[in-house]
Amino acid sequence: MYETTRTQALALALILAPVLGHAAESASSPLASSSGGSAALAKTQIFAPAKADDYKEPDLWARIRSGYAIPDVDNSLVAKHIQWYSSRPDYLARTSGRASLYLYHVVQELEKRGMPTELALLPVIESAFNPQALSTANASGLWQFVPGTGRDFNLQQNMFKDERRGVLASTDAALTYLQRLYTMFGDWQLALAAYNWGEGNVQKAIQKNRAAGKPTDFESLAELMPAETRNYVPKLQAVKNIIANPGQYGVALPNIDNQPYFTTVDKTSDIDLAVAAQLAEMSVDEFKALNPQFKKPVIAGDSQILLPKENAEKFHLNLAQWGHALSTWTTHKITSAKESIASLAQKFDTTPDVIRQANNIPPQMRLKAGSTILVPKTSASAGNDITENIIENAQMMLEADHGDSKRKGGKLSGVQRIKATAAHAVAEIKSRVSRSKTNANGRKRR
C-alpha cells in the first residue's frame, strides 16, 4: 500500500473499481423489537452520543476501531471474505483512497448518534466508497439507495441533482434508516440484514423460526435468507477484522488523518460546475469527487458544495474577484414536436452535440413535447437563474427519432432502429424501476 496525500486521495476517488452495488428489498412492517429488556438496555447504551473531543487518535482507522460495538460473527463465510479482500491489495488501496474523502464525516455522524463505528465501513460492502456506483436495480451512491427509498428519506432526485449520491444527504439518510431498523429489531446484525433484504422479510424469517421453536439471531436465520443477505454481515465482519488488525492479514492501510477532509460552502445563485471548480482551483474531476450529486454542467438554485478547507478559502477569494458570468446555462421547454435538436442548436447558437451532451440525449433519440432541457444562455436570459419550480419539476422525455434520418434522405438501418428502440426502452425502464421493485408488503426496495 502507500501513504495517501489529499491530492492523491482526490485523484484516487476518480479511479473507479468495479463495484457490485447491493439493491435489496425493504419490506414495510410495523415490527416491534424482537428482543426483550436486554435489547432495550443495549439500545440505550449504543445510542448514547460520544462526548466532544473523546477521540484523540491521529489516525482515523484507530478512531474507528475504538468504537466497534456490534457482536462478532465467526464462521466460514467470514474467513472466505477475509481471504477475498486481503488477497486484493490494489482493490483495498483504491477503496481506501476514495474512503479518505468521506470517512471522517461518516465516523463523526455515527458518533453524534451513538452508533457503532464499524458501520462506517458499510460503504466498502455497498459501493467500495464510490458515490457514482449504480447497481442493476438502479441503487445509487455510497449507501446504495433505490429511487423510491431515497424519496422516503427525503433525498431529492430531479433533473439537476440526485442526493442519493451526495455525501451529506445520503449519509444522514442511511444512518437514520439503520437507527430505525435497530430500534425495530434490537439487534445490529438483524438491522443490517434488514437494510439489505428488507425489514418485512426479516420479520417473516423471525416469525417462522419462532413458530418452529428455533433461535431468531442472525446466524440462526441465515438459512432462510438469500445468498446476498447471508453473506452481507460476514462481509462487513471481514472488513472489520482487517481494519482491526491489518498486519495479521498482510494488509497495509494507507494513513487517513483524523481530521475533517472537507468543509461546506453555501451558494445562492446558479454557477457552472466548471466555474465552481475553477474558482476553487481544482480540476473538474476533483470537484465532482466531493460533489457527485450534481448531474448537469450547471449547479442550480440554493445548494451546498463541499470543498477541502484550503480550496474553500481560494473559492471565496477568487469569487470576490470574478468578473464574468457565473452561469452560462438556462432551461428551455419543448412545446412542439417540430422542435428538433438541430433547430434548437441553431436557435441557441450552439451545436447539436453540445445539447445532447449537456442533457445526456442518446443518438437517434429526440425530445418529446413537454420536455425541459438545458440550453446555453442568450443575451435575453443572461441575468436569469433557473427557478426553483423548474428545478423541482423539470422532466425530459425521449422517443426514437425517425424524422432526422428521413430528412437526410434515408431511413434508420435495422441496427440503428434496434439501438434507438433499446435506448428508449432503457429510459422508460429506469423511470419505472422504483415502482416495479416492490415486495409483498408494498415497500419500495432500498
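Residues numbered from 1 in each chain as written. Predicted model: local features only at pLDDT ≥ 70, side-chain atom pairs only at ≥ 80, totals over all residues. Heavy atoms only, no water.

## Considering the overall build of the protein
Move 1: Across its full length, the protein holds 20 helices and eight strands.
Move 2: By the burial criterion, 51% of the 446 residues in the protein qualify as buried.
Move 3: Carbon and sulfur atoms make up 51% of the accessible area of the protein, which totals about 20,200 Å². (Helix = DSSP H or I, 4+ residues; strand = E, 2+ residues; numbered from the N terminus. Buried < 20%, exposed > 50% of the residue type's maximum accessible area, 1.4 Å probe, protein only. Areas by Shrake-Rupley, 256 points an atom, 1.4 Å probe, with all protein chains shown as cover.)

## A closer look at the pairing of strand 5 (residues 329–333)
Move 1: Burial runs high along strand 5: four of the five residues are buried.
Move 2: Across five bridges, strand 5 lies against strand 7 (residues 372–376) in antiparallel orientation. Within strand 7, the residue paired with Thr330 across the bridge is Val375. (Pairing = 2+ DSSP bridges.)

## Description of the confidence of the model for the protein
Move 1: Taken over all residues, the pLDDT of the protein has a mean of 84, while the share at 70 or more is 77%.
Move 2: In the predicted structure, residues 1–46 sits below a pLDDT of 50 and forms 142 contacts with residues beyond four places in sequence or in another chain. (pLDDT = per-residue confidence, 0-100. Contact = heavy atoms within 4.5 Å.)

## Notes on helix 15 (residues 309–321)
Move 1: If you check helix 15, its first and last C-alpha atoms are 19 Å apart, about what 13 residues at 1.5 Å a residue would give, namely 18 Å.
Move 2: Among all positions of helix 15, only Asn311, Ala312 and Phe315 are buried. The buried residues of helix 15 occupy an angular sector of 105 degrees when the element is viewed end-on, so they sit on one face. Facing away from the buried side of helix 15, by more than 90 degrees, are the exposed residues Lys309, Leu317, Ala320 and Gln321.
Move 3: Check the buried side of helix 15 and you find it contacts strand 1 (263–267), strand 2 (271–272), helix 13 (273–279) and strand 4 (303–307). (Expected span 1.5 Å × (residues − 1). Arc of directions from axis to C-beta.)

## What about the packing of aromatic side chains?
Move 1: Following the criterion strictly, the structure yields seven aromatic pairs and no others.
Move 2: Ring geometry for Trp84 versus Tyr91: centroids 5.3 Å apart, planes at 80 degrees, classification edge-to-face.
Move 3: The partly exposed category is assigned to Trp84, whose relative accessible area is 34%.
Move 4: Here Tyr91 falls in the buried class, since its relative accessible area comes to 13%.
Move 5: Ring geometry for Tyr85 against Tyr91: centres 6.4 Å apart, planes inclined by 40 degrees, an arrangement best described as tilted. Tyr91 carries the same exposure label as Tyr85, and that label is buried.
Move 6: Of the aromatic side chains, those joined through ring pairs into one cluster are Phe145, Phe153, Tyr177 and Tyr195.
Move 7: Between Lys240 and the ring centre of Tyr68, over which it is positioned, the NZ or CZ distance is 5.1 Å. (Phe/Tyr/Trp six-rings, centres within 6.5 Å; stacked < 30°, edge-to-face > 60°. Lys NZ or Arg CZ within 6 Å of the ring centre and 35° of its normal.)

## Considerations on helix 5 (residues 89–113)
Move 1: A bend of about 55 degrees at Ser100 is the largest found in helix 5.
Move 2: Burial analysis of helix 5 places 20 of its 25 residues in the buried class, which makes it a mostly covered element. (Bend = angle between axes of the 7 residues up to and from the residue.)

## Notes on the packing of helix 8 (residues 167–185) against helix 9 (residues 188–197)
Move 1: Between helix 8 and helix 9, the shortest axis-to-axis distance is 8 Å and the interhelical angle comes to 125 degrees. The angle between helix 8 and helix 9 places the two elements in the oblique class. Seen from above, helix 8 lies across helix 9 with right-handed handedness. On helix 9, the residues touching Ala174, Tyr177, Leu178, Leu181, Tyr182 and Phe185 of helix 8 are Trp188, Leu190, Ala191, Leu192, Ala194 and Tyr195.
Move 2: Here the residues of the contact of helix 8 with helix 9 sort into 12 nonpolar, no polar and no charged. (Axes fitted to C-alpha atoms, helices over the stretch in contact; angles between N-to-C directions. Parallel < 35°, antiparallel > 145°, perpendicular 65-115°, else oblique. Left-handed = near helix turned anticlockwise from the far one by under 90°. Nonpolar A, V, L, I, M, F, W, Y, C, P; charged D, E, K, R; others polar.)

## What to know about the nonpolar core
Move 1: Residues Leu103 and Tyr195 are the most contacted members of the largest nonpolar core, which totals 87 residues.
Move 2: Each residue touching Leu103, except ones within four places of it in the same chain, is listed here: Leu60, Trp61, Ile64, Ala120, Phe129 and Ile256.
Move 3: In this structure, Ile334, Leu344, Ala345 and Met365 belong to the second largest nonpolar core, which totals 12 residues. (Core = buried A, V, L, I, M, F, W, Y, C linked by side-chain atoms within 4.5 Å.)

## Focus on the pattern of salt bridges
Move 1: Evaluation of the coordinates by the stated rule reveals 12 salt bridges.
Move 2: For Glu109, the salt bridge identified is with Lys112, shortest N-O distance 3.2 Å. Taken as a pair, Glu109 and Lys112 lie in helix 5 at a separation of three residues, close to a single helical turn.
Move 3: Taking relative accessible area as the criterion, Glu109 reaches 16% and is therefore assigned buried.
Move 4: Among the ionic pairs, Arg113 bridges to Asp172, the shortest N-O distance being 2.7 Å. Of this pair, Arg113 sits in helix 5 while Asp172 is found in helix 8, placing the two residues 59 residues apart along the sequence.
Move 5: The buried category is assigned to Arg113, whose relative accessible area is 16%.
Move 6: With a relative accessible area of 42%, Asp172 lands in the partly exposed category. (Salt bridge = Lys/Arg side-chain N within 4 Å of Asp/Glu carboxyl O.)

## Quick look at unusual backbone geometry
Across residues other than glycine, the phi torsion is negative in most instances, and most of the peptide bonds are trans.
Move 1: With phi around 60 degrees, Asn154 is a residue other than glycine that occupies positive phi space.
Move 2: As for its position among the elements, Asn154 is in the loop between helix 7 (147–152) and helix 8.
Move 3: In the Ramachandran plot, Glu281 falls in the positive-phi region, its phi being about 60 degrees despite a non-glycine side chain.
Move 4: Considering the arrangement of structural elements, one finds Glu281 in the loop between helix 13 and helix 14 (284–290).

## Side note on the side chain of Glu286
Move 1: Mapped onto the elements, Glu286 comes out in helix 14.
Move 2: In this structure the side chain of Glu286 is engaged in a polar contact, spanning 2.9 Å, whose partner is the backbone nitrogen of Ser283. (Polar contact = N/O pair within 3.5 Å; in protein donor to acceptor, adjacent residues only side chain to side chain.)

## Focus: the environment of Pro215
Move 1: Tracing the backbone through its elements, the reader meets Pro215 in the loop between helix 10 (199–211) and helix 11 (218–221).
Move 2: In contact with Pro215, other than residues within four places in its own chain, are Asn209, Ser220 and Leu221.

## Quick notes on a negative patch on the surface
Move 1: A cluster of acidic residues, Asp266, Asp302, Glu388 and Glu392, forms a negative patch at the surface.
Move 2: Along the chain, the position of Glu388 falls in helix 18 (residues 388–393). (Patch = residues over 30% accessible without salt bridge, like charges linked within 9 Å, V, L, I, M, F, W, Y side chains within 5 Å. Lys, Arg positive; Asp, Glu negative; His and termini not counted. Charge placed at Lys NZ, Arg CZ, Asp CG, Glu CD.)

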